[in-house]
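Examining the three-dimensional arrangement
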Amino acid sequence: MDFSNFNSAEQAHMTKIIEKKQMQDFLKMYANIVEKCFTTCCNDFTSKALSSKEDACVANCTEKWLKHSERVGARFAEFNAEQASQ
Amino acid sequence: MVVHNVEPTPKPPPARVSGVKTVLRYTGIPPSWLDKRPKLPSRNWLIFLTASATILGYGVYDRRECKRIQDEYIEKVQSLSEDPLNPLDVSRKVTVYGAKWPGDEDHQQALKYFRKYVKPILVAAAVDFDMYSGKKLGDIATRIAEDVRLRRRLDAGIDEDPIQKKVLPTYMDPEERRKRELEGGIVLIGRPTFKEFMAGLKKGWSSGLQKVDGEEILAQELEDDHYFDEVDDDMLAPASKLSYSPIFTMSSQALQQKRATPEDTTPDVAPPQSIPQLPPLLLVPFSNRIGFTQIPIMIWEWFNKRRLVQSGAEAAYSLVLANSRPISVPSGVPSTSEPSEQLLSDSTSSAEHPTEASPPSDLGDLDFDLDKERLFKKSLYKIPEEVEQARKEYYEKLPARLATARALARGTREWTKDEVENPPPTEVELRAERMKREQEWRFNVASWNRVKGDTPVEWDERFRDALRVFSKPPSDASPAPSSEQ
């Protein structure tokens, strides 16, 4: 998509836009992880501190989310490649 | 005068109440109910209740057994799905082919059987699958032949993976893909699928590497027929005759140019002597009853679905455990005739009815599910005849339509009112229609002849080392958790 605009000024502009979008996506993903893992793992507000169980739960949640995101991305890329090569 | 009995008959002593009645008589229940004896319902009621209870009970028993059997097999394989897998890894994958059962309008029946009886076990064991259905008879064979051809081209280095696939993080080069395929498997539902599969395999491994355009070949054949020849008409002036033949040649040239594919510069390679190992085959028995007279049997089968569940689950279990053995076919089996003719040829053998008492064949694995072939409708055996009939009728009507088309195109005759509203097909359209019909007829007849009851399964000696079949695992085998990388 980038290289169809051969003009270098436009390219710089496009890269800036894409960078901004990537940053936004990253932050969105972060916000999603925090929300999902919090609602799943922390349900006991009788104490302020994070218990070790909750800690482990959060660690698993983050890791699984990232792995899941990676796998979905891989499948999506495969699908796109299939469509493009047809 | 009425004589009153002075002494009334003494009342019988009050009956002794015993047991539950002593308590129940104060509850408000009508006392006559407390004295009733239990009684069987009437004869008709008994008949009705027995009949319905039997039927219902048998149905409920069958469904519960189905559930129990399926759960038993699912439990056996569940542990395999718990293995961890890296995000960019892929699980084991099998390919499922389900051809159309001859005579059935619904081509999905084989795959429905797969989805209902085999798939739950595969899903529980986390085995991935790709399903391909044959929309008409012969589709699976063409698909397999094409796949084999493309695979051969890839292996020979003629074709390459497209660049979009190579840049993917999950890209696997051909050797890895092959290894992964061999770990997977091929699932064939029913004997027609098996026949089509073997036919396609044979064709793929016995033909050249170039893409064969069936239309071109057919067009060449049809040119030799004289249906579209110019008719020597006295009314035509010689000069106009000359001017019309270029149109004749131009139209056929134009058609050929449309069909022309880019130059195929692949060298003409002879088919190889030995075939590389193929993924193991899972032969799933499947039958499809069609017809009004089959309805009582269908009802009985509906009450006995546990047998289907058992056979489907067993097949899936043997696939999950990957217990395979080389295909066992006795050594004297002849290789069947040249397949490249068979897939497109129009072998108009006379309608052979299925032999009622076929000699007991002993072809080992090639006899898979042989007894189900007698379920094919007898009317299907008339397909070659019917096609011949249709062809004859078509060619009888063709000259008239051709003459009309030509006359209208040349302007030798005025358009009638009907023709203005519904324009009859032009010559080009007639040619195209004829081509399409010939293709259909030949394809249908060839596919039916391949699948019908008297045709044996295609076999080639090269397959002996290349084919393996999933077999029932020994009863003490249990799915060991495989260590995925």
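As the structure is a prediction and not an experimental result, all values here were calculated from the model.

Re the overall build of chain A
- Counting its secondary structure elements, chain A contains two helices and zero strands.
- Taken across its 86 residues, chain A has 10% of its residues classed as buried.

Thoughts on the overall build of chain B
- Across its full length, chain B holds 17 helices and six strands.
- Expressed as a percentage of its 485 residues, the buried residues of chain B come to 35%.
- Long-range contacts, defined as pairs at least 24 residues apart, comprise 87% of the intrachain contacts of chain B with a sequence gap of at least 6.
- Of the accessible surface of chain B, which amounts to about 29,600 Å², a share of 57% is contributed by carbon and sulfur atoms.

Observations regarding the nonpolar core
All names here are of chain B.
- The biggest cluster of nonpolar side chains holds 53 residues, and the ones touching the most others in it are Leu122, Val187 and Ile189.
- Within the residue set of this core, elements represented by two or more residues are helix H3 (43-78), strand E1 (93-98), helix H4 (109-124), strand E3 (185-189), strand E4 (281-284), helix H12 (305-320), helix H14 (383-410) and helix H16 (427-451).
- Top contributing element to this core by residue count: H4, with nine residues.
- Other than its neighbours up to four places away in sequence, Leu122 contacts Val94, Phe114, Val127, Phe129, Ala316, Leu319 and Val320.

Some points on the UniProt feature "domain: Tim10-like" (unreviewed entry) in chain A
- UniProt tags residues 17-78 of chain A as "domain: Tim10-like" (unreviewed entry).
- Secondary structure content for residues 17-78 of chain A is 84% helix and 0% strand, and the end C-alpha separation is 25 Å.

Thoughts on the side chain of Lys100(B)
Residues and elements named next belong to chain B.
- You can see Lys100 is positioned in the loop between E1 and H4.
- Although buried, Lys100 forms no salt bridge, and the nearest oppositely charged side chain, Glu105, lies 5.0 Å from it.
- Separated by 3.2 Å, the side chain of Lys100 and the backbone oxygen of Asp104 make a polar contact.
- If we skip the residues at most four places from it in the chain, Lys100 touches His107, Gly134, Lys135, Lys136, Leu137 and Pro192.

Side note on the pairing of E4(B)
Residues and elements named next belong to chain B.
- Burial along E4 is two-sided: Leu281 and Leu283 facing one way and Leu282 and Val284 facing the other are all buried.
- Relative to E4, E3 runs parallel, the two being bridged by four bridges. Following the sheet pairing, Leu188 is matched in E4 by Leu283.

As for the interface of chain B and chain A
- If you look at the interface, chain B gives eleven residues, while chain A gives eleven residues.
- A combined buried area of about 940 Å² lies between chain B and chain A, and 62% of that area is made up of carbon and sulfur atoms.
- On the chain B side of the contact with chain A, Pro87(B), Gln164(B) and Leu168(B) bury the most area, a combined 49% of that side's loss.
- Our count for the contact surface shared by chain B and chain A stands at one salt bridge.
- Across the salt bridge formed by Lys165(B) and Glu82(A), the nearest N and O atoms sit 3.8 Å from each other.
- Our count for the chain B to chain A interface comes out at three residue pairs in polar contact (both at pLDDT 80 or more).
- Split by residue class, the side of chain B that touches chain A holds six nonpolar, three polar and two charged.

Quick notes on the packing of aromatic side chains
Residue and element names in this part refer to chain B.
- Under the defined criterion, the tally for this structure stands at 20 aromatic pairs over all chains.
- Pairing Tyr394 with Tyr395 gives two aromatic rings, centres 5.6 Å apart and planes at 70°, and the pair type is edge-to-face.
- With a relative accessible area of 6%, Tyr394 lands in the buried category.
- Under the relative-accessibility criterion, Tyr395 is labelled buried at 10%.
- An angle of 75° between the planes, with centres 6.0 Å apart, marks the rings of Tyr394 and Trp441 as edge-to-face. Of this pair, Tyr394 sits in helix H14 while Trp441 sits in helix H16, placing them 47 residues apart in sequence.
- In this structure, Lys76 packs its charged tip against the face of Tyr73, placed 4.5 Å from the ring centre.
- Lying across the ring of Tyr317, Lys76 places its NZ or CZ 4.8 Å from the centre.

Here's the deal with H4(B)
Residue and element names in this part refer to chain B.
- For H4, built from 16 residues, the straight-helix expectation of 22 Å at 1.5 Å per residue is met to within 8% by its first-to-last C-alpha distance of 23 Å.
- The sharpest bend along H4 measures roughly 55° and falls at Val118, with the proline Pro120 sitting one to four residues further on.
- Looking at H4, one finds that the buried residues are Ala110, Leu111, Tyr113, Phe114, Tyr117, Val118, Ile121, Leu122 and Ala124.
- At its buried positions, H4 is contacted by H3, E1, strand E2 (128-133), E3, E4 and H12.
- Just downstream of H4, Ala126 is the residue with a positive phi angle, here 60°.

Some points on H14(B)
Residue and element names in this part refer to chain B.
- With 28 residues, H14 should reach 40 Å at 1.5 Å per residue; the first-to-last C-alpha distance of 39 Å fits that figure.
- When we look at burial in H14, the residues that qualify are Ile383, Pro384, Val387, Arg391, Tyr394, Tyr395, Leu398, Leu402, Ala405, Arg406, Ala407 and Leu408.
- As for H14, its buried residues are in contact with helix H15 (417-421) and H16.
- Just past H14, the residue Gly411 takes up positive phi, approximately 80°.

Reading the values: the criteria
- Residues numbered from 1 in each chain as written.
- Chains lettered and ligands numbered in written order.
- Predicted model: local features only at pLDDT ≥ 70, side-chain atom pairs only at ≥ 80, totals over all residues.
- Heavy atoms only, no water.
- Helix = DSSP H or I, 4+ residues; strand = E, 2+ residues; numbered from the N terminus.
- Buried < 20%, exposed > 50% of the residue type's maximum accessible area, 1.4 Å probe, protein only.
- Contact = heavy atoms within 4.5 Å.
- Areas by Shrake-Rupley, 256 points an atom, 1.4 Å probe, with all protein chains shown as cover.
- Core = buried A, V, L, I, M, F, W, Y, C linked by side-chain atoms within 4.5 Å.
- UniProt positions renumbered as here; feature names shortened; annotations may be inferred.
- Lys, Arg positive; Asp, Glu negative; His and termini not counted.
- Salt bridge = Lys/Arg side-chain N within 4 Å of Asp/Glu carboxyl O.
- Polar contact = N/O pair within 3.5 Å; in protein donor to acceptor, adjacent residues only side chain to side chain.
- Pairing = 2+ DSSP bridges.
- Buried area = accessible area lost by both parts, 1.4 Å probe.
- Nonpolar A, V, L, I, M, F, W, Y, C, P; charged D, E, K, R; others polar.
- Phe/Tyr/Trp six-rings, centres within 6.5 Å; stacked < 30°, edge-to-face > 60°.
- Lys NZ or Arg CZ within 6 Å of the ring centre and 35° of its normal.
- Expected span 1.5 Å × (residues − 1).
- Bend = angle between axes of the 7 residues up to and from the residue.

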